[in-house]
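# Report on the structure
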Amino acid sequence: MNGVGAALASGMLAGGLHALALRPGWSLVAWIALVPLLRFAARGSAHGVLTAALAYPLTLLALDVAPWLAPTLARYFALTPAGAWMLAASTVTLTALVYGMLLGGALLLRRRVAGRLGVVWCAATWAVWEPLRTAILPPFFPLSVLATSQVDSPLLQLAGVTGIAGVTFVVVMVNAAFAEPWSAPRGSRGRRLAAAAAAGTVAIGAATWGAARITDAPVGSEHPARVLLVDGAAANAAESTLDRYIAATIAQRDVRPALVVWPESTLSSDFASDGRAWARLSAFVDELGVALMTGGVGSAVDTGGRVERFNSVHFVRPRHGMLSYHKRLLVPFAESWPAMLGAPPPAIEPVDAGGELAVFGDGGFRVAPLICFEITSAPSVRELARRGAQAIVNVNNDVWFAGWTAPQQVWARVRAVESGLPVVRATNGGTSAVIDPFGRLLAAVHADGAPVVLASEIPVPVDTLYVRTGEWLVPACALVVLGGVVPWRRSVTGRRMGSRRCLP
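This is a predicted model, so every value here is computed, not measured.

All right, on to the layout of surface pockets then. Roughly 780 Å³ of internal volume is contained in the second largest pocket. Surrounding the second largest pocket, 31 residues form its lining, Leu22, Arg23, Pro24, Thr405 and Val410 being those nearest its centre. For the lining of the second largest pocket, the secondary structure elements donating two or more residues are helix H3 (46-64), helix H4 (66-76) and helix H13 (408-419). At four residues, H13 tops the list of elements feeding residues into the lining of the second largest pocket.

In total, this model carries two cavities of 30 Å³ or more according to the counting rule given. Taken as a whole, the largest cavity spans an internal volume of roughly 50 Å³. Forming the boundary of the largest cavity are Gln409, Arg413, Arg425, Thr431, Ala433, Ile435, Leu441 and Ala444. Contributions of two or more residues to the lining of the largest cavity are made by H13, strand S10 (431-435) and strand S11 (441-446). With three residues, the top contributor of residues to the lining of the largest cavity is S10.

Considering all chains together, one arrives at 14 aromatic pairs under this definition. Note on Phe333 and Trp337: the rings are 5.8 Å apart at their centroids and 85 degrees apart in plane angle, and the pair reads as edge-to-face. By relative accessible area, which is 23% here, Trp337 ends up partly exposed. Clustering of aromatic rings is evident, with ring pairs tying together Tyr56, Tyr99, Trp126 and Trp129. The ring of Trp129 carries the charged tip of Arg133 above its face, separated from the ring centre by 4.7 Å.

All right, on to H4 then. For H4, the buried fraction is high: eight of the eleven residues fall into the buried class. On the buried face of H4, the contacting elements are H3 and helix H5 (81-114). Where H4 terminates, the next one or two residues include Ala78, which has phi positive at roughly 55 degrees.

Let us look at the environment of Ser10. Tracing the backbone shows Ser10 in helix H1 (residues 4-21). The exposure class assigned to Ser10 is buried, which follows from its relative accessible area of 12%. As for Ser10 and Phe315, which are separated by 305 residues in sequence, their C-alpha atoms are 52 Å apart. Setting aside chain neighbours within four positions, we find Ser10 in contact with Pro36, Leu37 and Phe40.

Right, let's get into the pattern of salt bridges. Pairing between side chains of opposite charge can happen when the charged atoms of each approach one another. With the rule as written, the count across this model stands at 14 salt bridges. Asp152 is the partner of Arg413 in a salt bridge, and the nearest nitrogen-oxygen pair spans 2.8 Å. Here Arg413 is found in helix H13, whereas its partner Asp152 is found in the loop between helix H6 (119-136) and helix H7 (159-162), with 261 residues between them in sequence. A residue is classified by how much of its surface remains accessible, and Arg413, at 13% relative accessible area, is buried.

Here Thr95 is to be found in helix H5. The exposure class assigned to Thr95 is buried, which follows from its relative accessible area of 8%. Beyond its immediate sequence surroundings of up to four residues, Thr95 is in contact with Leu61 and Leu137.

To continue, consider the sheet that holds strand S9 (residues 423-428). Spatial strand order, S6-S7-S8-S9-S10-S11: six strands in an open sheet with mixed pairing. With one partner strand each, in any of the chains shown, strand S6 (360-362) and S11 form the two edges of the open sheet. For this sheet the average axis-to-axis angle between neighbouring strands, irrespective of direction, equals 15 degrees. Looking at chain direction, S9 and S10 are connected through three bridges and run antiparallel. Residue Val424 lies in a different strand from S10, and its bridge partner there is Val434. Against the sheet, helix H12 (residues 378-386) contacts strand S7 (365-371) and strand S8 (391-397), and its axis sits at roughly 165 degrees relative to S7.

Take the sheet that holds strand S4 (residues 307-316) next. Sheet architecture is open: six strands sit in the order S5-S4-S3-S2-S1-S12, paired in mixed fashion. At either margin of the open sheet sits one strand with a lone partner, and together these are strand S5 (322-326) and strand S12 (452-458). Within this sheet the neighbouring strands show an average axis-to-axis angle of 30 degrees, counted without direction. The strands that helix H10 (residues 242-250) touches are strand S1 (225-231), strand S2 (259-267) and S12; relative to S2, the one it contacts most, it runs at about 160 degrees. Across the sheet, helix H11 (residues 275-288) touches S2, strand S3 (291-301), S4 and S5, and the angle it forms with S2 is around 160 degrees.

The subject of this paragraph is the side chain of Asn175. Its place among the elements puts Asn175 in helix H8 (residues 164-183). Note on Asn175: relative accessible area 0%, which makes it buried. In contact with Asn175, not counting residues within four places along its chain, are Ala30, Trp31, Ile32, Ala33, Leu34, Val35 and Leu38.

Moving on, we get to the pairing of S2. Extensive coverage of S2 is indicated by the burial of eight of its nine residues. Pairing of S1 with S2, which is carried by three bridges, proceeds in the parallel orientation. Paired with Leu228 across the strands is Val260, a residue of S2. A crossover connection joins S1 to the parallel S2 through H10; in handedness this β-α-β unit is right-handed. Once the chain exits S2 it traverses H11 before rejoining the sheet at S3, and the crossover so formed is right-handed.

Moving on, we get to the nonpolar core. Soluble globular proteins: nonpolar side chains tend toward being buried together. Among the nonpolar cores identified, the biggest contains 124 residues, and Trp126, Leu259 and Ile392 are the most heavily contacted of them. By residue number, the principal contributor to this core is H8, which donates twelve residues. With sequence-adjacent residues up to four places away left out, Trp126 is seen in contact with Leu34, Leu37, Leu38, Tyr56, Leu103, Pro131, Thr168 and Val172. Listed in part, the 19 residues of the second largest apolar core include Val260, Trp262, Phe284 and Leu288.

Rules used in this analysis
Note that residues are indexed from 1 along each chain, following the sequence as it is written. The model is predicted, so local features are restricted to residues of pLDDT at least 70 and side-chain atom pairs to those at 80 or more, both for listing and for counting; the totals for chains, interfaces and linings are taken over all residues. In computing side-chain properties, one takes all heavy atoms of the structure into account and sets aside hydrogens as well as water. The distinction between a cavity and a pocket rests on a 1 Å grid over the protein atoms alone: a 1.4 Å probe fits inside a cavity but cannot get out, while a pocket stays open yet meets protein on both sides within 12 Å along at least five of seven lines, and a residue with an atom within 4 Å of a point counts as lining. Grid points are joined across faces, edges and corners, and a volume is the space filled by probe spheres set on the points. The way it works is that DSSP assigns letters per residue, a run of H or I at least four long becomes a helix, a run of E at least two long becomes a strand, and they are numbered from the N terminus. Under the pairing criterion, centres of Phe, Tyr and Trp rings, with the six-membered ring standing for Trp, must be within 6.5 Å; the plane angle then separates stacked pairs below 30 degrees from edge-to-face pairs above 60, leaving the rest tilted. Using a 1.4 Å probe on the protein chains alone, a residue whose accessible area is under 20% of its type maximum counts as buried, one over 50% counts as exposed, and one in between counts as partly exposed. Criterion for a charge above a ring: Arg CZ or Lys NZ at most 6 Å from the ring centre, at most 35 degrees from the ring normal. It only takes one pair of heavy atoms within 4.5 Å for two residues to be counted as in contact. By salt bridge we mean one thing: a side-chain nitrogen of Lys or Arg within 4 Å of a carboxyl oxygen of Asp or Glu. Two strands pair if DSSP finds at least two bridges between them. Angles here are taken between N-to-C directions and fall from 0 to 180 degrees, while the axes themselves are lines fitted to C-alpha atoms, restricted in helices to the stretch in contact. Think of it like this: strands point away, you trace from the first strand over the helix to the second, and a clockwise trace means the crossover is right-handed. We define the nonpolar core as a collection of buried residues of types Ala, Val, Leu, Ile, Met, Phe, Trp, Tyr and Cys that are connected through side-chain atoms lying within 4.5 Å of one another.

What follows is the structure, given as structure tokens:
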């Protein structure tokens, strides 16, 4: 029970099951994925618990992240396959070590103070651990979050109340409930079985409510806005030309949308300095008679006279000029380069970070752009919903993922449920889609080497408690975790009472 082999087996099995649960069609595995780890953590030695806690994220990231990370690194940084796999393995290992130390430390402290883990405490720990690990290490976007296994489940609707952490909480609570009776002393197993029944009741109740929420979803507006997504399927920057996208858009003249969207990094011309490119684009938009949102480059002169370069989205309306949004949340090492590391590699052209969110359009149809991994930022999406956005337009360049599903694709569905806003995902070389406020794919198209176009209606947004209240569950769970690991003591009739009764 306490050996290194048992610890490794428990952590690796939990990591493998967690990774499997994130695959399409395997969401039910999430409800038992953590049982091996939690059973061992409840009774194993201190060294064994730490070993299992390290093996779990290492296996998880090796199976869920490394397969797409390695080819992405190879394409983006112009590395050989061997070099890309070495870099991916190093990144996964370092990340897993930090993740595992955080989790292992919490499990050991809980055991030391309370003697057992507890169903509620475990659920709160994962609800805190997942966003905490995102905030500590670059690239600062969520990886392999257990709750994302439920994107096709009614339970995902809980995110509209609690954020995605609430879905993690419920799933882990059931895992802990399954693990508790078998790791408990014989005399207390009845109470633990009652806790398992309570956890199951909460999960079933939340899923039932989610199914009812979807059933009662509004039908739509009488005159819905339509969007036209154009994927140029450009394999490289040389192929991503204005002519390519104009031709693909003109081919859909029979469609009359409210908005045309071209993906991230579509255009390499800086319209602030390239008058000829701007004249061509503005003339096309005037002729089209429809607003255009496109990814491209941007620039500005700062107060010191330095020219800043941005990864931008431009919003062009017929005979109304152009507004621009500059990406705020840059991917470390890919878009920003630490000065302490010297000059960036030749394949990297760092850009500057923008400063403000943006909402484009008039009162009839207001859309807000986010670029690439910015869709993983819950605070950004909440703020845009509060500013009156009626849809999120997330532009991407999925060609870097070399045929693998881009990880931000699942987050577009999560953020739609949290914010109550439909999400338009426009990508180059990947899956473009329109997602309703309940996380459902209304329409989707995948590029297969040639330009493709997707026309779809944009559903009306809905109000969510999560937008109104903000991130309340994670701080509450943090208090639960702290309450379970800090040895609170009080004096009762001259005796000190420990915290063994604090939390279930």
